[in-house]
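One-letter residues, chain by chain:
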Amino acid sequence: MLKLRSLALLLAAASQSVSAAIGPGANLVISNKNIAPMASLAREPPTAFAVLAGGTFPGPLIKGTKNGEFSINVIDQLTDGSMDLATSIHWHGLFQKHTNYVDGPAFVTQCPIVPKESFLYDFKALNQAGTYWYHSHFKNQYCDGLRGAFVVYDPADPQSHLYDFDNEDTVITLADWYHYLSTNAPPVPAFTSGLINGKGRWEEGPSNVALSVVNVQRNKRYRFRLVSISCDPSFIFSVDGHQLTIIEVEGTNVKPLVVDSLEIFVGQRYSAVLNANQPVGNYWIRSLPNAAGHNFTNLANLAVLHYAGAPNANPTTDPTTNIPVSKLPLVETNLHPLTPTPVPGGHTPGGADININLDVVINDARTAFLVNGVSFEPPTVPVLLQILSGAKNASDLLPAGSIYGLDAGKSVELTIPGGAIGGPHPVHLHGHAFAVVRSAGNSSYNFDNPVFRDVVSIGNTGDDVTIRFSTDNPGPWFFHCHIDWHLNAGFAVVFAEGVPQVPQQDITSAAWKNLCPIYNNYINKTGHT
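Residues numbered from 1 in each chain as written. Predicted model: local features only at pLDDT ≥ 70, side-chain atom pairs only at ≥ 80, totals over all residues. Heavy atoms only, no water.

Caption draft 1: Up close: the packing of aromatic side chains. A complete count under the given rule lists 23 aromatic pairs for this structure. Centroid distance Phe70 to Phe123: 5.7 Å. Interplanar angle 20°. Geometry classified as stacked. With a gap of 53 residues between them, Phe70 in strand 4 (residues 69–77) and Phe123 in strand 6 (residues 118–124) connect regions that are remote in the sequence. Taken individually, Phe70 and Phe123 each receive the classification buried, so the pair is uniform in this respect. On the numbers, 6.5 Å between centres and 75° between planes, the contact of Tyr178 with Phe191 is edge-to-face. Here Phe191 lies in the loop between strand 9 (171–177) and strand 10 (193–196) and Tyr178 lies in the loop between strand 9 and strand 10, a separation of 13 residues in the sequence. Accessibility expressed as a relative area gives 8% for Phe191, which makes it buried. Members of the aromatic cluster, connected to one another through ring pairs, are Phe70, Trp91, Phe119, Tyr121, Phe123, Tyr134 and Phe150. For Arg286, the ring lying beneath its charged end belongs to Phe296, and the centroid distance is 4.7 Å. (Phe/Tyr/Trp six-rings, centres within 6.5 Å; stacked < 30°, edge-to-face > 60°. Helix = DSSP H or I, 4+ residues; strand = E, 2+ residues; numbered from the N terminus. Buried < 20%, exposed > 50% of the residue type's maximum accessible area, 1.4 Å probe, protein only. Lys NZ or Arg CZ within 6 Å of the ring centre and 35° of its normal.)

Below, the structure is given as structure tokens:
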């Protein structure tokens, strides 16, 4: 049982989740810290640490501008041997055109960074603007806290007339939190609490924990950049008494779509404009996880929308009994690109140059996921290094059975049937945005104007979610379930795209070449992997 301490300690712990934005050039220190000895950021035992970027949860917002260069020097200062000590960072949603080597997934594009070492992630957001995020891509480390938002602003945003405010105060992260370390997780991990901007309560926890507050002025419009930095659950997001107008999905500008609630899966992002046109007051912001036993009891899974001029207090309505009924929930098939974007390949199912079905099941012992009969096991040599060391064909690459070769300049169709245990599973493709030509819960195909994104739910039994993309970005690109526990249980493959072109297009740095020798020397000396 966690020991209760003073309210002052609670508030001090909660305040540690607030951090200033950094970027586009910055040092990002990865360290261990006991950010909250109790309350919603607690661990068991109470002295257990988290893994943090910049010393906060979430990590600092990283921001820059379209086509700009980012230079993020990641410094590993991890010391807690009960947790993973090496690290690597993925910049989720950034395509890394010609810079596959800084994409971040350990043993796919790099060896991990070890303690007392650093690595400079230097890349450009070429033709990209929107809402992204970053997180550890080493084992289950991001579940221990290494995650944060990443925004690329467009000075010429074509939808800027739809909002008045878009700044670091309008970035809203949704997360889960665990009262044990990822290195000590049970076979089926279950989170304890949901957090909004790093704060929150859990249903059976203390009732004196401050909630996050989002401040607004009446009759102003706010571009909320919603980022799911979750490890597992999706969330139903809504704001009592207000509608939201979705204008961006994971870096793709979309035609404005009015909703009153939206389900956001792990890794997904939405820009949703809130018009603060209601009477001055305080309103509940809700983020309900899709997990049994989670609700709004004890003000769990809530934050406060606070109008200027209203009391500095929680809303007066009981959130457990006055639950709004959604009349305009988000339906993915209603999302369409603002600018017409051709779907690669022919406009019939199976009409791409390369058509792949990825059948996902769990093994009989329920300890591993298999994709087309194979569970992904990270190789000891990163896939990119294998290619740069002379491998010419995907069939030469390890891990065997988990590498799919894709020739450059082709259209690709992936079909991923739903229904695997632990779903619905959100799948993420590195290096690309894809067209969702068939969505979960829908049996028809849209080859004319589907949404383009980089994370999609594959739904439930009977769904055949289908996506399309073009092989215009040579390199090994990870494709995996973004429920982190499932990824590390084997739910992943690597697409080796344009292998012959990789050595000419991905010119690695000297520091990158040193990562594997340093890592191998570290594990030989310490035994830590």
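Caption draft 2: The pairing of strand 15 (residues 252–259), seen in detail. The pairing of strand 14 (residues 244–249) with strand 15 spans five bridges and is classified as antiparallel. Within the sheet, the bridge partner assigned to Glu248 lies in strand 15 and is Asn253. Where strand 14 folds back on strand 15, the antiparallel hairpin that results is connected by two residues, among which Glu250 adopts a positive phi of roughly 55°. (Pairing = 2+ DSSP bridges.)

Caption draft 3: Here's a closer look at the nonpolar core. Membership of the largest hydrophobic core comes to 82 residues, with the highest contact counts inside it found for Ile246, Leu305, Phe479 and Phe495. The residues touching Ile246, leaving out its near neighbours within four places in the chain, are Val254, Lys255, Pro256, Leu257, Val259, Leu262, Tyr270, Ser271, Ala272, Leu330 and Leu335. Judged by nonpolar contacts, the second largest core, of 57 residues, contains Tyr121, Phe123, Leu181 and Ala496. (Core = buried A, V, L, I, M, F, W, Y, C linked by side-chain atoms within 4.5 Å. Contact = heavy atoms within 4.5 Å.)

The analysis is restricted to geometry; functional conclusions fall outside its scope.
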